[in-house]
Every structure is written in C-alpha cells, then in structure tokens.
Amino acid sequence: MNRTVSRVLWIIAGVLLIIAGIYCLCNPDVGLLSLSLYIGIAMLISGIIDIVIFAKWNGKMFGAGWFLADGILTVLLAMFLLFNQAFTMLSLPFIFGMWLLFSGINQFVNSFELQTLGVKGWGWLTALGVLLAVVGFFSLFDPIANLFALSILVGILLICEGVAAIVRACISHRLWR
C-alpha cells in the first residue's frame, strides 16, 4: 500500500462519516435502532481504515500509535453497536459520547505533533479535536434527555469526524518520515 492509497482510505472514511451525518440531520425522527446501525457501520469502516494505515505505516509516520488506538476503540465500539442492538438503544448516547471524547483528544494531540513538524493547517485539527472532545464530554452529562437532539448532534459530529478525516488525508503527505 502506498501513501496515495492511505490518503484515499482516509478520504473514503471521511466521506462515509459525512454521509452518515447528513442522513442523521435529514432524518431526525430515525429510530435509535437504525441510527445505531448506520453509526456502527460508519465507525467500523473508519476504525478499520485507521488500523490498516497503522499496520502499513508504523515506524514511518509520526503519531501512528494514536491511529492504532483510535482505530481499535472505534472498531470495538462499532461492533458493540452492531451486535448488541437492544442494549445499544439505551447506551448509544454514552457510547457515542465516549467515542467523541477519545477521538477529539486524539485529534488534539495529533495536531500538536503536526505543529512541531511545521505543518500548515494544524490548527484546524486542534479546533476540531477540541470541539469533538468538548461535545463528547458534555454529551455524557444527560445523554437520554432528548433523543431527537441526539440525532441532530450525531449528524453534526459525524460530519465533523468526516471533515477531520479528510483534512488528515489532505495534510498526510507531511506525516511520513
């Protein structure tokens, strides 16, 4: 796998996350069961792509360990969403909040590694990381209060995750040693 394939995989993951986010925004009345299915599939693909990129570029890319950690957590949460539908209906707000919190911290930490390398545009990943982490943190306070709001929130945040993946693809040429 070459660097171009890695960039294309990040773009694919970003586009899938954005599509899932737009779907949530356009259909806020979607049942939590179907919402967990779409989110689970998008998260599974995104996590697998991060793990594949880590496997190929470990030792050749700065911050590769963070991609592995984010990929593993994303795959585990996606499998939980996909294979435990009954419990997922009750726990989706908690699971999604934890995923956003961890993913936001990951984006935030990676952005400072990019800054030390002199990569332009690292501030965008910092801002997205902070946004994701803050929203993930606050979503854990009262996650079942309004599932309609969760659908809108999920849509917006999936779009943010997708944009972060596409930004990562656009600046990834500066990540390789």
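Quick note: structure is the one above.
Residues numbered from 1 in each chain as written. Predicted model: local features only at pLDDT ≥ 70, side-chain atom pairs only at ≥ 80, totals over all residues. Heavy atoms only, no water.

K.L.:
Please set out the overall build of the chain residue by residue, giving values where relevant.
P.N.:
Within the chain, the regular secondary structure consists of six helices and zero strands. Going through the 177 residues of the chain one by one, you find that 45% of them count as buried. If you take every contact in the chain between residues at least 6 apart in sequence, the share linking residues at least 24 apart comes to 81%. Surface exposure of the chain reaches about 8200 Å², of which carbon and sulfur atoms provide 76%. (Helix = DSSP H or I, 4+ residues; strand = E, 2+ residues; numbered from the N terminus. Buried < 20%, exposed > 50% of the residue type's maximum accessible area, 1.4 Å probe, protein only. Contact = heavy atoms within 4.5 Å. Areas by Shrake-Rupley, 256 points an atom, 1.4 Å probe, with all protein chains shown as cover.)

K.L.:
Please give an account of the pattern of salt bridges that cites residues and values.
P.N.:
Using the criterion set out here, one finds one salt bridge in the structure. In this structure, D50 and R168 form a salt bridge, with 3.2 Å as the shortest nitrogen-oxygen distance. Residue D50 is found in helix α2 (residues 32-57), and its partner R168 is found in helix α6 (residues 147-171); the two are separated by 118 residues along the sequence. Of the two residues examined, D50 and R168, each falls in the buried class. (Salt bridge = Lys/Arg side-chain N within 4 Å of Asp/Glu carboxyl O.)

K.L.:
I'd like a description of the side chain of E161, backed by residues and values.
P.N.:
Within the secondary structure, E161 sits in helix α6. Although E161 is buried, it makes no salt bridge; R168 carries the closest opposite charge, 5.7 Å away. Leaving out residues up to four positions away in the same chain, E161 has contacts with L17, W99, L100, S103 and L132. (Lys, Arg positive; Asp, Glu negative; His and termini not counted.)

K.L.:
Describe the environment of I41, listing the residues and the values that go with them.
P.N.:
The residue I41 is located in helix α2 in this model. C-alpha of I41 to C-alpha of L17: the two residues are 24 residues apart in sequence and 9.5 Å apart in space.

K.L.:
Which residues make up a nonpolar patch on the surface, and what are the values?
P.N.:
Judged by side-chain polarity, V8, I11, I12, V15, L16, I19, L37, I41 and I45 come together as a nonpolar surface patch covering roughly 660 Å² of accessible area. Counting residues per element, the ones that place at least two in the nonpolar patch are α1 (3-26) and α2. Among the elements that make up the nonpolar patch, the one with the highest residue count is α1 (six residues). (Patch = residues over 30% accessible without salt bridge, like charges linked within 9 Å, V, L, I, M, F, W, Y side chains within 5 Å.)

K.L.:
Account for the nonpolar core, with residues named and values stated.
P.N.:
By size, the foremost hydrophobic cluster in this structure holds 27 residues, and its most contacted members are I39, M43, F96, W99, V154 and L158. Put simply, the parts of the chain that give this core at least two residues each are α1, α2, α3 (64-83), α4 (85-116), α5 (122-139) and α6. The biggest single contributor to this core is α6, with seven residues. With near-sequence residues (within four places) excluded, W99 lies in contact with L17, M43, D70, T74, L77, L158 and E161. Membership of the second largest hydrophobic core comes to 10 residues, among which are I49, M61, A64 and A169. (Core = buried A, V, L, I, M, F, W, Y, C linked by side-chain atoms within 4.5 Å.)

K.L.:
Go over the environment of N2 with me, naming the residues and quoting the values.
P.N.:
Following the sequence through the fold, N2 ends up in the segment before α1. Judged by its relative accessible area of 42%, N2 falls in the partly exposed class. Remark: the alpha-carbon pair of N2 and W57, spanning 55 residues in sequence, is separated by 9.3 Å.

K.L.:
Run through α1, naming residues and quoting values.
P.N.:
For α1, with 24 residues, the first-to-last C-alpha span of 35 Å sits near the 34 Å given by 1.5 Å per residue. Among the residues of α1, those classed as buried are S6, W10, A13, G14, L17, I18, A20, G21 and C24. (Expected span 1.5 Å × (residues − 1).)

K.L.:
So what's going on with the side chain of S46? Residues and values would help.
P.N.:
Note on placement: S46 falls in helix α2. Taking relative accessible area as the criterion, S46 reaches 12% and is therefore assigned buried. Discounting residues that sit within four places of it in the chain, S46 has contacts with A13 and L17.

K.L.:
Describe the packing of aromatic side chains, listing the residues and the values that go with them.
P.N.:
Within this structure, the stated rule accounts for three aromatic pairs. Taking 4.8 Å as the distance between ring centres and 75° as the angle between the ring planes, the aromatic pair formed by F108 and F112 counts as edge-to-face. Here the residue F108 and the residue F112 both occupy positions in helix α4, the gap between them amounting to four residues, near one helical turn. The class of F108 is partly exposed, set by a relative accessible area of 33%. On the basis of relative accessibility, which here comes to 33%, the residue F112 falls in the partly exposed class. In this structure an aromatic cluster arises from ring pairing among F108, F112 and W122. (Phe/Tyr/Trp six-rings, centres within 6.5 Å; stacked < 30°, edge-to-face > 60°.)

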